[in-house]
Amino acid sequence: AQSAVALLAGGVLSFLHAARLGPSRAHMDGGGKRANRWAKPPRPKVDRHAKRWDDPDSDDAEGDAANEEADHPLTDQGLTKEGDEDDASEDCLQGSDSGGENDGDAGDEDLLQDFDARRRARPSGAKKGRGRGGKGGGDEPGEEEEGLWDPLAGLAPRKKRKVGEGNTAPPQSKPAGGGASVYRDFPSRSSTFGFPDGSAVCLVDLKSAPQLNGQVGIVGGPKDQATGRVPIVLRDGTVKSLRQENLKEVLTGAVVRLIGLQGAAELNGRIAECGDLDLAAGRYSVIMADGQETLKKVKADNLELVKRYVAPVQILSAQRRAFVWEDELRKGADAFRIPWSESLARLAELHLPAPRLVSGEDLVRLLECSQAGVGLVIPEPISADKAPVDGDGRLACRLFAVSTERDYCCPREAARPADARRLAECAKALNASDVSRPAFFLVPQVCVKALPCLRNAAACAWPLYLQLCQGLLCMDSPHRPHKAWCRAEILVTSFALSKPIYVLSAQGDVVVSGQISGGWLLSDRQEEAQVANPMDGQVLPAERELLKKMIGEVVPQKARAGSKITLYRL
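Each residue is numbered by its place in its chain's sequence as written, counting from 1. Local features in a predicted model are, by the rule used here, given only for residues with pLDDT of at least 70; side-chain atom pairs are given and counted only at 80 or more, and totals for whole chains, interfaces and linings are based on all residues. Heavy atoms from the whole structure form the basis of all side-chain values; hydrogens and water molecules are not counted.

Some points on the overall build of the chain
Using the following cut-off: The way it works is that DSSP assigns letters per residue, a run of H or I at least four long becomes a helix, a run of E at least two long becomes a strand, and they are numbered from the N terminus. Under the scheme applied here, a residue whose accessible area is under 20% of the maximum for its type counts as buried, over 50% as exposed, and between as partly exposed, the area being computed with a 1.4 Å probe on protein chains only. Every residue pair with non-hydrogen atoms within 4.5 Å of one another is taken to be in contact. Computed with the Shrake-Rupley method and a 1.4 Å probe, the accessible areas treat only the protein chains shown as cover for residues.
Looking only at helices and strands, the chain features 16 helices and 18 strands. When the 570 residues of the chain are sorted by exposure, 38% land in the buried category. A sequence separation of at least 24 residues applies to 65% of the contacts in the chain between residues at least 6 apart. Accessible area for the chain stands at about 33800 Å²; split by element, carbon and sulfur atoms hold 50% of it.

Here you go:
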């Protein structure tokens, strides 16, 4: 019993030892197959990268050439010859790391010579560089790079095509003399990109709405490339989306210059406003800037475009506004710290006319020449760019905006003689108080030339005009507090611009107390006045919507219904 137990224990220990150590030579048969089904032989780990750099002449590398070719096939076809050994081909392609171990191999030199011969026999169009056309990183464009060949280098670039509708003709080539390309940056605006914003067009050849033929509108946006239609803002504010073949660009509403007239040569060079186009006669109705708004019928060949200014319909339209008053007032908050020319340039960028200013010295001269100021009229104003400036380009005079009794912002009628006389007396007092800084005035009746389009543009720019002035001068009259534009000017100057407001009495001497509080105030006689809602005042229907929009954007909401304002009497 003891012997049997000892044998059993020995067998168990032998089995456990064999299972822990794995199969040995004793468990393998003569053919090399496993005799033990319970234990698996360990899988040998092969380092392929290390094997690639082994010496091909060593015994350990025998038989690995086929496996190496299967694991790492050659992808650079044409670089090796048929019949070469795989190990030798690897030596040629792996680089210089294996060169130190194969210095004595004579087959390497033959392979290198064959590779160099094949490289020299590559296509002649393959130049140095990367990508098409040989635009690489070499020192010279024509130099070839050793060992590299771009198979796409010989391909020509794609042909260019013109941008346009229905253009199927082949493009023309560039002149051989090295001149400019025949391709233009943009095609005709009537084909693809439409008319420019703000240009005037006449509606023609409308079949479904023939009552609109002959009406003039303003382009309110770019052409819709999907539908081929252009938004047109008509004079009544409505927006129509029309095709380009139903639009004809006209000069209506623009400032033009008359040229080439034979029957009325004395009108050549005169400024006028271009009216509507008579399609039957092919002539424009031209409004002369003579103060009488004389009409002339002129052909389009005798008109030269000067400039096109902003129209109220562009401000009221929700399609595309020319500018926003609130944003422009914020940009021009430091108007007195920048050169005067920059302020005028800002107005030109917005397509607004520069204001004309009345000189105080001219007013005083007319007052002295007239008999007690009877029949005194406002003298001819000067252009704003002729106003005096200092060495830094800033305005070197005192500029005041004048608020007169009126129903339009810039009325066609001349100022009343009583207002002209009182304004001349105020200019005399101002010049006497400070000789070094003459006084100039912005008078609504003469702030622009006598053209309807300029007066409408000045109404759109009136808040910006007030920002250029140092204060507002109100001409006292019985009906002035009831005018909508007079109320609006006071609210804009007080709340939006924070500038002083002066009242010039209809009777009595004008008293200027010198410059008080750093040059802002000219009087110490302070009084309170209640200003009512501007939209409850008197204004003609043509400018009511424009004034309403202006008050809604510029004046704070708490002051739109009326407020108490501090005034200074001169």
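A short note on the packing of helix H10 (residues 360-369) against helix H11 (residues 417-433)
Put simply, the rule is: Geometry is summarised by axes, namely lines fitted to C-alpha atoms with helices restricted to the contacting stretch, and by angles between N-to-C directions that run from 0 to 180 degrees. Two helices cross in a left-handed way if the nearer one is turned anticlockwise from the farther one by less than a right angle. They cross in a right-handed way if the turn is clockwise.
Where H10 contacts H11, the axes come no closer than 8 Å and their chain directions differ by 115 degrees. As H10 packs across H11, the resulting crossing turns out to be left-handed. Across from Gly-360, Glu-361, Leu-363, Val-364 and Leu-367 in H10, the residues of H11 making contact are Arg-421, Leu-423, Ala-424, Glu-425, Ala-427, Lys-428 and Asn-431.

Structural notes on the packing of aromatic side chains
Let me state the cut-off plainly: Only centres within 6.5 Å qualify two rings of Phe, Tyr or Trp (six-membered ring in Trp) as a pair; their planes then separate them into stacked at under 30 degrees, edge-to-face at over 60, and tilted for everything else.
Overall, the coordinates contain five aromatic pairs when judged by the stated rule. Every member of this aromatic cluster is reached through a ring pair, and the members are Phe-400, Phe-441, Tyr-502 and Tyr-568.

Quick look at the sheet that holds strand S3 (residues 229-234)
Keep this limit in mind: Strands were regarded as paired on the criterion that DSSP finds at least two bridges between them.
Read across the open sheet, the five strands follow the order S4-S3-S2-S1-S5; overall the sheet is antiparallel. On the outer flanks of this sheet lie strand S4 (239-243) and strand S5 (247-250), each paired with one strand and no other. Direction aside, neighbouring strands of the sheet carry axes that sit 45 degrees apart on average. In this structure, S3 lies alongside S4, joined through five bridges in antiparallel fashion. Its bridge partner lying in S4, Ile-232 is registered against Lys-240.

Side note on the environment of Asp-476
Of note, Asp-476 is situated in the loop between strand S15 (471-475) and helix H14 (484-496). Judged by relative accessible area, Asp-476 falls into the partly exposed class, the value being 27%. Note: C-alpha distance between Asp-476 and Arg-422 (54 residues apart in sequence) is 9.8 Å. Dropping the residues within four chain positions of it, Asp-476 is found in contact with Val-503, Leu-504, Ser-505, Ala-506 and Arg-569.

A few points about unusual backbone geometry
At Asp-205, a residue that is not glycine, the phi angle is positive and equals roughly 55 degrees. Within the secondary structure, Asp-205 sits in the loop between strand S1 (200-203) and strand S2 (216-219). On the accessibility criterion, Asp-205 (54% relative accessible area) is exposed. Unlike most non-glycine residues, Ser-498 shows phi in positive territory, near 55 degrees. Its relative accessible area of 60% is what places Ser-498 among the exposed residues.

A few points about the pattern of salt bridges
Side chains that differ in charge, positive against negative, can pair when their charged atoms come close. Cut-off, in case you're wondering: By definition here, a salt bridge exists when the distance from a side-chain nitrogen of Lys or Arg to a carboxyl oxygen of Asp or Glu is within 4 Å.
A full pass over the atoms with the stated rule returns 18 salt bridges. Its salt-bridge partner being Arg-257, residue Glu-304 comes within 3.7 Å of it at the nearest N-O pair. Note that Glu-304 is positioned in strand S10 (residues 303-307) and Arg-257 in strand S6 (residues 255-258), a separation of 47 residues in sequence. With its nearest N and O atoms 3.1 Å apart, the salt bridge here joins Arg-416 to Asp-419. The exposure class assigned to Asp-419 is buried, which follows from its relative accessible area of 9%. Among the charged side chains, a network of salt bridges with common partners joins Glu-293, Arg-412 and Arg-455.

A short note on the pairing of strand S18 (residues 562-569)
Of the strand pairs in this sheet, strand S16 (residues 501-504) and S18 are connected by two bridges, and their pairing is parallel. Bridge pairing in S18 links Val-503 to Arg-569. Bridge count for strand S17 (residues 526-532) against S18 is seven bridges, and the pairing is antiparallel. Note that in S18 the partner of Val-531 across the bridge is Ser-563.

A short note on the confidence of the model for the chain
Heads up, the condition is: Per residue, pLDDT captures the predictor's confidence, and it can take any value from 0 to 100.
Scored by pLDDT, the chain comes out at a mean of 75, with 66% of its residues at no less than 70. This stretch, residues 23-35, has a pLDDT under 50; its non-local contacts, to residues over four places away or in other chains, come to eleven contacts. Contacts of residues 159-192 to residues separated by more than four positions or lying in other chains number 31 contacts, the stretch itself having pLDDT below 50.

Quick word on the nonpolar core
Put simply, the rule reads: Take the buried Ala, Val, Leu, Ile, Met, Phe, Trp, Tyr and Cys residues and link them wherever side-chain atoms come within 4.5 Å; each set so joined is a nonpolar core.
By size, the foremost hydrophobic cluster in this structure holds 62 residues, and its most contacted members are Trp-340, Leu-352, Leu-442, Trp-462, Tyr-465 and Leu-547. Contact partners of Tyr-465, with chain neighbours within four places excluded, come to Leu-347, Pro-353, Ala-354, Pro-355, Leu-442, Val-448 and Ala-458. Core analysis: the next-biggest nonpolar cluster, separate from the first, contains 30 residues, Ala-415, Ala-420, Ala-429 and Leu-521 among them.

Points about the pairing of strand S9 (residues 295-299)
Remark: a regular strand shows side chains that alternate across the two faces of the sheet. Here strand S8 (residues 283-288) pairs with S9 via five bridges, running antiparallel. Residue pairing in the sheet places Ser-285 in a bridge with Lys-297 of S9. What sits between S8 and S9 in their antiparallel hairpin is a turn of six residues, with Gly-291 showing a positive phi close to 85 degrees.

Considerations on H10
Given 3.6 residues per helical turn, the α-helix brings residues three or four places apart onto the same face. Just so we agree on the cut-off: Note: the arc covers the axis-to-C-beta directions of the helix. Distance and chemistry together define a polar contact, namely a pair of N or O atoms within 3.5 Å, with one atom able to donate a hydrogen and the other to accept it when in protein, and with adjacent residues in sequence counting only for side-chain atoms on both sides.
Every buried residue belonging to H10 is among Gly-360, Leu-363, Val-364 and Leu-367, and all of these are buried. All buried residues of H10 project into a common sector of 95 degrees when viewed along the axis, lining one side. Tucked inside the fold, the buried residues of H10 contact strand S11 (356-359), H11 and strand S14 (439-442). Capping the start of H10, Ser-359 holds a side-chain oxygen 3.4 Å from the backbone nitrogen of Glu-361, two or three residues further along.

As for the side chain of Asp-419
As for its position among the elements, Asp-419 is in helix H11. Look past the residues within four positions of Asp-419 in its chain and what remains in contact with it is Thr-404 and Met-475.

Observations concerning the sheet that holds strand S12 (residues 382-383)
Judged by pairing direction, the sheet is mixed, and its eight strands sit side by side in the order S12-S11-S14-S13-S15-S16-S18-S17 without closing on themselves. Strands at the two margins of the open sheet, each flanked by one partner only, are S12 and S17. Strands strand S13 (398-403), S15, S16, S17 and S18 of the sheet are contacted by H14, whose axis makes an angle of about 80 degrees with S18.

Structural notes on helix H12 (residues 452-460)
Within H12, eight of the nine residues are buried, which leaves it mostly tucked inside the rest of the structure. Pro-452, Cys-453, Leu-454, Arg-455, Ala-457, Ala-458, Ala-459 and Cys-460 are the residues of H12 that are buried.

Structural notes on the packing of H14 against helix H15 (residues 541-554)
Stated formally: Working definition: roughly parallel below 35 degrees, roughly antiparallel above 145 degrees, roughly perpendicular at 65 to 115 degrees, and oblique for all remaining angles. Nonpolar residues are Ala, Val, Leu, Ile, Met, Phe, Trp, Tyr, Cys and Pro. Charged residues are Asp, Glu, Lys and Arg, and all others, Gly as well, are polar.
Two elements in contact, H14 and H15, have axes whose closest approach is 11 Å; the angle formed by their N-to-C orientations is 15 degrees. Comparing their axes, H15 and H14 come out roughly parallel. Crossing of H14 over H15 shows left-handed handedness. Each of Ala-484, Trp-485, Ala-488, Val-492 and Ala-496 in H14 lies in contact with H15, whose residues at this interface are Glu-543, Leu-547, Met-550, Ile-551 and Val-554. Of the residues assigned to the contact of H14 with H15, the class counts are nine nonpolar, no polar and one charged.

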